[in-house]
Amino acid sequence: MKSPQTFTYLFLQNSQDFASSNAMTQQLQDEFDSSVENAEAWMKAIQERLSINDNTKGPRSALEARLRETEKIRALEPEGSLKIDLILVKADAALRSISEDKKHEILSKLKDIKALWEETAIYITHCHSRIEWVWLHWNEYLKAQDEFYTWIHNMSVTLEPDIELQLGLKEKQWQLSHAQVLLNDVLNQSVLLERLLEEAASLFSRIGDSSVDEDVQKKMKVEYEKIREQAENRVNLLKKITKEHEQYSANVGQFQSWLNGVTERLNSCIGEATESSAKDKLKALKEIAKNIRSGGKKLDQLEDECTNVIENTSPLGAERMKDELEMLRKALEKLKLLHSEEEKRLLKIQESESAYESQARQLEADIKVLRKYLQKLENHLEPGEGEKTEDEFVTLWRKCNATRAALAAEESNVERLKAQLKELLQFSQDVHPHTESVVSAIQQYQSVRGKTSKMSTDTETELRRLFQNPLLDFERWKPSVQMLLETPEPALTHIEAALAESSRFKEKFMTLQLKKDLLNNVLGEEKAKTFLQEVAEASKKREIIHESLMQSKRTIQHFDAGFAPLQKKLSAIRAKLDLEKELKPDILGKKTQLQRLQMIQDDLAELVTQMEEVEKLVQSNTTHKHEMNQLSSDSQALKIALKMMIQQSEECIQKHCAYKDKLSDLQQWIKLTTETFEPYQGAEGDQNNEGQVADLKRWLAELPDKEMQLCLVKASGKLVMENSSPEETAHVQTELDQLEESWRPLKEMETRLLKKWQLSKPVIDSKKKIEFADRRWISGPVFHHSDVDPNHKQEGIEEGQHTSSHLKLLHEFEEWLQGEKKKLTKILDAASSSTEEIKTRKSKLEELQSRVPDGQRLFEDLLHNQPVTEYSEDLEDLRYQWMLYKSILKESMSTLSPGTSEEPDRFRKKRLRNSPGLSLKDLGVKCLK
């Protein structure tokens, strides 16, 4: 047990320790307060310095001084950070040793000092950055201004000298081209001037210094306009000088061409090898003389033009122009002298030609008369084409005899032509053409005479053959007729043909018996008498055969009375069916055509009944039975063709009605939707209510389905056009075009409403659509087990397996297509500025193109595996996506030309953004919507 002294000692010891602890806590708090006061005073001083320098107005030296001051203040920022760190250390020590009720005061001071430091640091950065930006901007402006004034000085030095005289037209054109280049440079500098003026105005609004005020800007404009005016005046003057010289050179060239042409015409008149007569040459020389006189006037005009051009040409060039004109004048004088000498020579030749031409004309006239008469005789003997009758041969034979007598009388005229040709040989002119004419006339005379003799002999031989032909033909005809009569069941057409031939032989034999005098003249009396006896015997035999043929004909005609109407009726039905093969212009015509086809079907059924009755009458006759079998086969073929046409007509009407219904529904929906949501475009977005927004969302959700319905209407229209006339095809195409035109404003209204009402565009989830189709395919309608037939149950199992296979192919193709589209999007989004990048991009596109045939095979397998009894909206959507992908890939490859490698990348990206046909991502989103 402790003593009272011990307790007293312990109490005193604790009192001392408590007093020491309070002293330590107070010291830490004083140190924290002191550090906060120092930091706050330092920050306020910094802010005062910043407020003094936070100004961009004034001259450049003042701005530079402010920039240096802010740089110094910015360099003190680490010192402020150290002060904050010291405060944090002091605060941490004080917080550990004080009581809880005093911690709030320290934390509050710590928060205030941190906020003040953050404000000070931001102020330091912003103030320095603002002044530094104005300083750099001013430097860049001064640099550009120096470059502009340097250009002004250089251009003034270039344009100050006077225009130098040039040697010729080419040098003047070069001089004009150089002046135009300078003018283009001046005009291009206007862009730099505008930028400088904009920069000056911008700087003046910030610094207010007189070095960038409006007077300085006006001075820059005035100096530029002065340079531009000098350049334009120089170009205009050089254009005038060059144009005068060009016109002069063109006139000199035209005169030179004219001089060459006149010289060539004169040389053609002078040449000995020319075929023209002296008279024609003299006439041509008169025309040349008129041209030479007009050429002198043209040369005088050129000299006047030369005087004006020389004023703006160098001395050496002027000397050359004068020498050129002098050479032209000498050439013109030489042409005049040559023309005068040739005119004198031709006048002498003309006198000699007159006598020769007179005798030559007489000779040619006589030759013409003779040849015309010979041609008339030859045409009179023309036998004509094709086989001739006996009378024609007799007429031709008599013509030949008359022609031989006329040719004998013309022999004296042939000898007279030979004498006239000998007289022409005395002249110096070329008589070869006249010699050829005389020789040709004599040859024609000999040819006509030989042809007449040969034709007379051939005609006599042909007449003898014609007299014998009827008997020979009759002997060859008899065996075939005898075989026909011995046939058990001869055809009526063969009997009638034989009777017609027998009648023709009768006429021929009677004609021969009446031509007794002609036969005596051609064959002689003895041969003619024997020939007429043979004709009489043949006539008797023909009468016997003719009677037998008539008997056979009467037997056959009993069958033909019932068979012929059936043939005619079948032909009439076939003709009606052929008329119905033409495509009709509208659905009413198609329905009317179907009714007519059904009527034809009734007529054909009635004909079949009549044919069955006739078949009972020909069981014993093999030939007639074969004819009835053939007629029955034809009617059966016609029945099949008619059935197919009726089926096709019904399908066409069904397709046409389906197209009209879909088109009408979509048109009414478009009209109603446009009228309903048109007022929404004028309404303010902030005045909408929940009912309007709900209506708008419902319409936006319905729009993608209607867009797919638009594709179906187009497809239905294409099917209708395939089975319609050109008029109906054009009408359906017009309807589709009008539907597309009415759809386009609806899409534009959708875009405007989405933007105005700030709504998101609904997107169709392809996976959800496929899952829905999957449930629709697999689940189907629910049946009770007791109601299902076993066969039907087996068919349902097979159909379910087929549907499952189709959906599997659908998933596989969609995944493959999505992968290809991602690759194409990545290729198109990548930048291609260099040649190597373009080659790489092209190779990647070619790799995608090489896989298109594989994708097409997958899609065809998908179409082939599609269930016939169901319509898949997912498959139609996938078909559209596949066609879109192939179109974009093809367009991307076609736009990748060699010229694109030289195009700057920023312009190419801009073109891609502005071209809706090249963005796969945009097109894909548009398609899915």
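Thresholds applied
Residues numbered from 1 in each chain as written. Predicted model: local features only at pLDDT ≥ 70, side-chain atom pairs only at ≥ 80, totals over all residues. Heavy atoms only, no water. Helix = DSSP H or I, 4+ residues; strand = E, 2+ residues; numbered from the N terminus. Buried < 20%, exposed > 50% of the residue type's maximum accessible area, 1.4 Å probe, protein only. Contact = heavy atoms within 4.5 Å. Areas by Shrake-Rupley, 256 points an atom, 1.4 Å probe, with all protein chains shown as cover. Salt bridge = Lys/Arg side-chain N within 4 Å of Asp/Glu carboxyl O. Axes fitted to C-alpha atoms, helices over the stretch in contact; angles between N-to-C directions. Parallel < 35°, antiparallel > 145°, perpendicular 65-115°, else oblique. Left-handed = near helix turned anticlockwise from the far one by under 90°. Nonpolar A, V, L, I, M, F, W, Y, C, P; charged D, E, K, R; others polar. Core = buried A, V, L, I, M, F, W, Y, C linked by side-chain atoms within 4.5 Å. Phe/Tyr/Trp six-rings, centres within 6.5 Å; stacked < 30°, edge-to-face > 60°. Expected span 1.5 Å × (residues − 1). Arc of directions from axis to C-beta. Patch = residues over 30% accessible without salt bridge, like charges linked within 9 Å, V, L, I, M, F, W, Y side chains within 5 Å. Lys, Arg positive; Asp, Glu negative; His and termini not counted. Charge placed at Lys NZ, Arg CZ, Asp CG, Glu CD. Polar contact = N/O pair within 3.5 Å; in protein donor to acceptor, adjacent residues only side chain to side chain. pLDDT = per-residue confidence, 0-100.

Caption draft 1: Molecular detail of the overall build of the protein chain. Looking only at helices and strands, the protein chain features 25 helices and 0 strands. Burial analysis of the protein chain (929 residues in total) assigns 33% to the buried set. Within the protein chain, contacts between residues at least 6 apart in sequence are counted, and of these 83% link residues at least 24 apart. In the form shown here, the protein chain has an accessible surface area of approximately 58,200 Å², with 53% of it arising from carbon and sulfur atoms.

Caption draft 2: Representation of the pattern of salt bridges within the structure. For the structure shown, the criterion picks out 28 salt bridges. Between Asp33 and Lys109 there is a salt bridge, with the nearest N and O atoms lying 3.2 Å from each other. Placement of the pair is Asp33 in helix α1 (residues 4-53) and Lys109 in helix α4 (residues 100-159), with a sequence separation of 76 residues. Judged by relative accessible area, Asp33 falls into the buried class, the value being 19%. By relative accessible area, Lys109 is classed as partly exposed at 29%. In the salt-bridge network here, residues are joined through shared partners; they are Glu820, Lys823, Glu847 and Arg851.

Caption draft 3: Structural view of the packing of helix α8 (residues 315-380) against helix α11 (residues 432-486). Running from N to C, α8 and α11 cross one another at 15°; their axes reach a closest spacing of 10 Å. Between α8 and α11, the crossing angle belongs to the class labelled roughly parallel. Between α8 and α11 lies a crossing of left-handed hand. Along its contact with α8, which presents Tyr356, Ala360, Leu363, Glu364, Ile367, Leu370, Arg371, Leu374, Gln375 and Glu378, the element α11 presents His434, Ser437, Val438, Ser440, Ala441, Gln444, Tyr445, Val448 and Lys451. When its residues are assigned to classes, the contact of α8 with α11 shows 10 nonpolar, 5 polar and 4 charged.

Caption draft 4: Structural context of the nonpolar core. Ranked by size, the top nonpolar core spans 54 residues in total, and within it Met43, Ile87, Ile113, Tyr141, Phe148 and Trp151 carry the most contacts. Looking at this core, the elements with two or more residues in it are α1, α2 (60-75), α3 (77-97), α4, α5 (169-207) and α6 (214-270). Of the residues forming this core, the biggest block, 19 residues, is contributed by α4. Those residues within four positions of Ile87 in sequence are excluded, and the remaining contacts are Phe32, Ser35, Val36, Ala39, Leu110 and Ile113.

Caption draft 5: Molecular detail of the packing of aromatic side chains. The tally for this structure, following the rule as stated, stands at 14 aromatic pairs. Ring geometry for Trp477 versus Phe505: centroids 5.3 Å apart, planes at 45°, classification tilted. Here Phe505 lies in helix α12 (residues 492-514) and Trp477 lies in helix α11, a separation of 28 residues in the sequence. Accessibility classification places Trp477 together with Phe505 in one group, the buried group.

Caption draft 6: Local environment of helix α22 (residues 852-864). Here α22 spans 18 Å end to end across 13 residues, near enough to the 18 Å set by a 1.5 Å rise per residue. Listed in full, the buried residues belonging to α22 are Val852, Gly855, Phe859 and Leu862. Along the axis of α22, the buried positions cluster into a sector of 75°, meaning they face one direction only.

Caption draft 7: Representation of the environment of Cys127 within the structure. Within the fold, Cys127 resides in helix α4. A residue is classified by how much of its surface remains accessible, and Cys127, at 0% relative accessible area, is buried. In the structure, Cys127 is positioned 74 residues away from Asn53 in sequence and 8.2 Å away in space, judged by C-alpha atoms. Not counting chain neighbours up to four residues away, the residues in contact with Cys127 comprise Leu50, Asn53, Asp54 and Thr70.

Caption draft 8: Seen up close, the environment of Lys553. Within the element layout of this structure, Lys553 appears in helix α14 (residues 525-579). On the basis of relative accessibility, which here comes to 22%, the residue Lys553 falls in the partly exposed class. Taking the C-alpha atoms as reference points, Lys553 and Ala491, separated by 62 residues in sequence, lie 8.9 Å from one another. Not counting chain neighbours up to four residues away, the residues in contact with Lys553 comprise Leu492, Ile495, Glu496 and Leu499.

Caption draft 9: Inspection of a positive patch on the surface at higher detail. Positive charge collects at one region of the surface, where Lys286, Lys290, Arg293 and Lys297 lie side by side. Position of Lys290 among the secondary structure elements: in helix α7 (residues 278-310).

Caption draft 10: Molecular detail of the packing of helix α9 (residues 390-409) against α11. Relative to each other, α9 and α11 sit at 150°, their axes nearing to 9 Å. The orientation of α9 with respect to α11, classified from their angle, is roughly antiparallel. Where α9 crosses over α11, the two elements pack in a sense that is left-handed. In this structure, α9 contributes Glu390, Phe393, Val394, Leu396, Trp397, Cys400, Asn401, Thr403, Arg404 and Leu407 to the contact, and α11 contributes Tyr445, Val448, Arg449, Thr452, Met455, Ser456, Thr459, Glu460, Glu462, Leu463, Leu466 and Phe467.

Caption draft 11: Main features of the side chain of Glu69. Turning to its location among the elements, Glu69 is positioned in helix α2. A polar side-chain atom of Glu69 sits 2.7 Å from a polar atom in the side chain of Arg49.

Caption draft 12: Local environment of the confidence of the model for the protein chain. Looking at the protein chain as a whole, its pLDDT mean stands at 76, while 82% of the residues score no less than 70. Mean pLDDT per element in the protein chain: helix α24 (residues 905-914) is the minimum at 34, and α3 is the maximum at 87. This stretch, residues 6-12, has a pLDDT under 50; its non-local contacts, to residues over four places away or in other chains, come to 2 contacts.

Caption draft 13: Structural detail: the environment of Leu197. Note that Leu197 resides in helix α5. With a relative accessible area of 8%, Leu197 lands in the buried category. Sequence separation between Leu197 and Glu214 is 17 residues, and the spatial gap between their C-alpha atoms is 9.1 Å. If we skip the residues at most four places from it in the chain, Leu197 touches Gln217 and Lys221.

Caption draft 14: Fine view of the side chain of Glu410. Examined against the element boundaries, Glu410 turns out to sit in the loop between α9 and α10 (411-424). Arg416 is the oppositely charged side chain nearest to the buried, salt-bridge-free Glu410, at an N-O distance of 7.1 Å. Here the side chain of Glu410 touches Asn413 through a polar contact of 2.7 Å, side chain to side chain. Ignoring sequence-local partners within four residues, the contact set of Glu410 consists of Leu370, Tyr373 and Tyr445.

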